[in-house]
Structure formats: C-alpha cells, structure tokens
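Take a look at the letters that make up each chain.
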Amino acid sequence: DSGHPLRCGGGAVRHGPFVVAGLNFELSLPRGAQLYILGDREKLMSVLQNLVYNAVSFTPVNGTIRISLHRDRSRAVISVADTGSGIAKEDLSNIFNCFFTRRKDNSGEGLGLYIAQSIVMEHGGDIRVSSTPGEGSVFTLWLPVDEQKR
C-alpha cells in the first residue's frame, strides 16, 4: 500500500535537548532538505512509536534519547539511539523474533520489534540494531525515498 508520503525533515540541524519525564530528547534533521518516504504513514509512525517507547522503557532518568534523520543516496536513514541498559549480546540475534522479550515487568508480548521489522520490510527497507550492555542501543531504519517528491 503506497498510502500518503511520510514527510520527514527540514529545519535546523539539531533540536533539543527537550526534557520529558526526566529524559533528555534530542532531534537531528537535515538542514533545509525534506525527505519523503512513500508508504503507509500510520504503519511507519507505529514503527517509530515502538522504537521510542522501547527507548523510553529502558533508559534511566537523566538518560538521553536521540532521534536522527539523514539521506544516504536513495534512502532515508532514521536512527533512534538511547543511553539505556542496552541489549545483551546473546539476545541481539533474537530481538526481532516473534514473542521475544526481556522486559522484567512482563509488560510486553514480544511483538513490537517483530511487527516493526515486518512493516519496514513491507516498505522495501531494512532495520538493524547495535547495542552495548550498560551503554545503550541504536535502532537504524533504511527506507526508500520517494524520488518524485525530490
């Protein structure tokens, strides 16, 4: 479903930090450029919401969550990085598996990242994670840019 273009970008290079619920949020966008991703706006927003929700869930008070966007050739690259607890090395290969969760409070079903990966792949993109326990995680999305809106 091609839906409506998801408009990303514009404005100053960095915004923030904004403090919300004891967490520092930073936003980094390309200066002046606008990137359009042809896809289902609601589905793509749900991916970003899930990544930010996870970052908030695993980042301690006074930690930082950075959301960034830039263009790499024909792809929009969106990253959600946090200074949270990180993901154990042995869990990284399972992080996108259905029903996989490591939430200590049993509040998750283990579907969020599985669904996020499915949506990103449905849009011809890719999602990857890098993480260091005790330092945080970075989830990076690569999504095709709508060249007609360039």
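Our subject is the structure listed above.
Being a predicted model, the structure only gives us computed values, none of them experimental.

A. Inspection of the overall build of the chain at higher detail. Along the chain, the regular secondary structure elements total 3 helices and 8 strands. Ordered by position from N to C terminus, the α and β elements of the chain give β-β-β-β-α-β-β-α-α-β-β. For the chain, the residues scored as buried account for 38% of the 150 residues in total. Long-range pairs, those at least 24 residues apart, make up 64% of the contacts in the chain between residues at least 6 apart in sequence.

B. Structural view of the pattern of salt bridges. Under the counting rule described, the total for this entry stands at 4 salt bridges. Taking the shortest distance from any N to any O, the salt bridge between Lys-43 and Glu-122 comes out at 2.9 Å. Pair noted here: Lys-43 is in helix α1 (residues 41-58) and Glu-122 is in helix α3 (residues 112-122), with a separation of 79 residues, a long-range link. The exposure class of Glu-122 is partly exposed, given its relative accessible area of 46%. A salt bridge links Arg-73 to Asp-72; the shortest N-O distance between them is 3.7 Å. Take Asp-72: its relative accessible area is 30%, and that puts it in the partly exposed class.

C. Just the layout of surface pockets, in detail. Of the volumes computed, that of the largest pocket is approximately 610 Å³. Forming the walls of the largest pocket are 29 residues, and the residues nearest its centre are Asn-54, Phe-58, Ile-95, Arg-102 and Arg-103. At the level of elements, α1, β6 (75-82), α3 and β8 (136-144) are the ones that each hand at least two residues to the lining of the largest pocket. When residues in the lining of the largest pocket are grouped by element, the largest group, 6 residues, is from α1.

Quick notes on the rules
Residues numbered from 1 in each chain as written. Predicted model: local features only at pLDDT ≥ 70, side-chain atom pairs only at ≥ 80, totals over all residues. Heavy atoms only, no water. Helix = DSSP H or I, 4+ residues; strand = E, 2+ residues; numbered from the N terminus. Buried < 20%, exposed > 50% of the residue type's maximum accessible area, 1.4 Å probe, protein only. Contact = heavy atoms within 4.5 Å. Salt bridge = Lys/Arg side-chain N within 4 Å of Asp/Glu carboxyl O. 1 Å grid on protein atoms, 1.4 Å probe; cavity = no way out; pocket = protein on both sides within 12 Å on 5 of 7 lines; lining within 4 Å. Points joined across faces, edges and corners; volume = space filled by probe spheres on them.

Keep in mind these numbers describe shape, not what the thing actually does.
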